Amino acid sequence: MESIEATIILTQGEMVNHYSIAAIGFFTATFTIAGEKNSSPVIPVSINSVETHQISENLVRIIQYNMELEPKLDIEMFTAPGMDFKQLQSIQEIDLGKEKINFANSSGTYIEGISVEDTMIHFDIDHYYLEGGSIAISCQIKVAQEIGTPKCVEKE
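None of the values given here were measured: they were computed from a predicted structure.

(A) Inspection of the sheet that holds strand 8 (residues 120-128) at higher detail. Within the open sheet, the 4 strands sit side by side as 7-8-9-10. Their pairing is antiparallel. Each edge of the sheet is formed by a strand with only one pairing partner; in this case those strands are strand 7 (108-117) and strand 10 (151-154). Strand-to-strand, the axes of this sheet are offset by a mean angle of 20 degrees, without reference to chain direction. Bridge analysis of strand 7 against strand 8 gives 8 bridges, and the strand direction is antiparallel. Counted as the bridge partner of Tyr110 is Asp126 from strand 8.

Now the structure itself:
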């Protein structure tokens with residue numbers, strides 16, 4: 001606002017200098033904005049995807065990590081509509097009854113096909129053992145007042 005009023009009072013020769021100063025300011029601002037694009041990303045590189053679903057009266061966020069960088073699946077629960085944090089379930093291993101499958105202790109563990117139906121989160125896992133071989137697993141988690149533990153079975 002001050003620069004507009006000053007422009008009215010200045011003579012034509014002085015206006016050129018004023019516009020030159022304004023141009024320098026514009027280019028400086030442009031380079032500053034361009035420089036900010038090179039800053040670190042908001043979502044870490046270790047995250048593959050983030051999904052948000054409404055389950056009952058809660059909002060549930062499913063965070064799928066790049067399993068090679070950070071082998072885990074996070075499920076967060078928030079109250080709706082206030083978005084107050086309620087619970088975090090970080091899944092880094094699952095129990096099949098006969099054995100525990102640790103995501104980090106493998107040649108690769110990959111989460112496939114995450115879906116939400118009513119109050120259940122469904123996902124499939126392909127787990128490759130360090131010593132060779134693999135197993136296909138199907139899991140589901142019940143979400144009610146809190147996030148349940150994964151119930152998993154070997155797929156046939």
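(B) Quick look at the state of the cysteines. A complete count under the given rule lists 1 disulfide for this structure. One disulfide bridge connects Cys139 with Cys152, the sulfur atoms lying 2.1 Å from each other. Taking the sign of the torsion about the S-S bond as the criterion, the disulfide between Cys139 and Cys152, at about 115 degrees, is right-handed. One end of the pair, Cys139, is in strand 9 (residues 134-142); the other, Cys152, is in strand 10, with 13 residues separating them in the sequence.

(C) Structural detail: the sheet that holds strand 4 (residues 85-91). Spatial ordering of the open sheet is given by 1-2-3-4, a layout of 4 strands whose pairing is antiparallel. The sheet terminates laterally at strand 1 (47-55) and strand 4, the two strands that pair on one side only. On average, adjacent strands in this sheet sit at an angle of 15 degrees to one another, irrespective of strand direction. Two elements, strand 3 (residues 73-79) and strand 4, share 6 bridges in a ladder whose sense is antiparallel. Counted as the bridge partner of Glu76 is Leu88 from strand 4.

(D) Broad picture of the nonpolar core. In terms of nonpolar packing, the biggest core is built from 25 residues, with Val60, Ile91, Ile94, Ile121, Phe123, Ile125 and Ile137 touching the most fellow members. Those elements that place two or more of their residues in this core are strand 2 (58-65), strand 3, strand 7, strand 8 and strand 9. Counting residues per element, this core draws most heavily on strand 9, which supplies 4 residues. Contacts of Ile121, omitting those with residues within four sequence positions, involve Ile55, Val60, Ile62, Ile75, Ile114, Ser115, Val116, Cys139, Gln140, Ile141 and Val143.

(E) Region of interest: the confidence of the model for the protein chain. Of all residues in the protein chain, 74% attain a pLDDT of 70 or more, and the chain-wide mean is 79. Between the elements of the protein chain, mean pLDDT differs from a low of 39, seen in helix 1 (residues 2-9), to a high of 96, seen in strand 9. Across residues 1-35, where pLDDT falls below 50, the model places 6 contacts with residues more than four positions away in sequence or in other chains.

(F) Layout of the packing of aromatic side chains. Taken as a whole, this structure holds 2 aromatic pairs when the rule is applied. Summarising the aromatic geometry, the rings of Phe78 and Phe85 are spaced 5.7 Å apart at their centres and angled 70 degrees between planes, so their arrangement reads as edge-to-face. Taking 6.1 Å as the distance between ring centres and 65 degrees as the angle between the ring planes, the aromatic pair formed by Tyr110 and Tyr128 counts as edge-to-face. Within this pair, whereas Tyr110 is found in strand 7, its partner Tyr128 is found in strand 8, the two being separated by 18 residues in sequence.

(G) Structural detail: the side chain of Thr109. If you trace the backbone, Thr109 turns up in strand 7. At 3.4 Å, the side chain of Thr109 forms a polar contact with the backbone oxygen of Phe103. Of note is the side chain of Thr109, whose polar atom sits 3.0 Å from the side chain of Ser106. Apart from residues no more than four positions distant in its own chain, Thr109 is found in contact with Met67, Phe103, Ile125, Asp126 and His127.

Calculation notes
- Residues numbered from 1 in each chain as written.
- Predicted model: local features only at pLDDT ≥ 70, side-chain atom pairs only at ≥ 80, totals over all residues.
- Heavy atoms only, no water.
- Pairing = 2+ DSSP bridges.
- Helix = DSSP H or I, 4+ residues; strand = E, 2+ residues; numbered from the N terminus.
- Axes fitted to C-alpha atoms, helices over the stretch in contact; angles between N-to-C directions.
- Disulfide = S-S within 2.5 Å.
- Core = buried A, V, L, I, M, F, W, Y, C linked by side-chain atoms within 4.5 Å.
- Buried < 20%, exposed > 50% of the residue type's maximum accessible area, 1.4 Å probe, protein only.
- Contact = heavy atoms within 4.5 Å.
- pLDDT = per-residue confidence, 0-100.
- Phe/Tyr/Trp six-rings, centres within 6.5 Å; stacked < 30°, edge-to-face > 60°.
- Polar contact = N/O pair within 3.5 Å; in protein donor to acceptor, adjacent residues only side chain to side chain.

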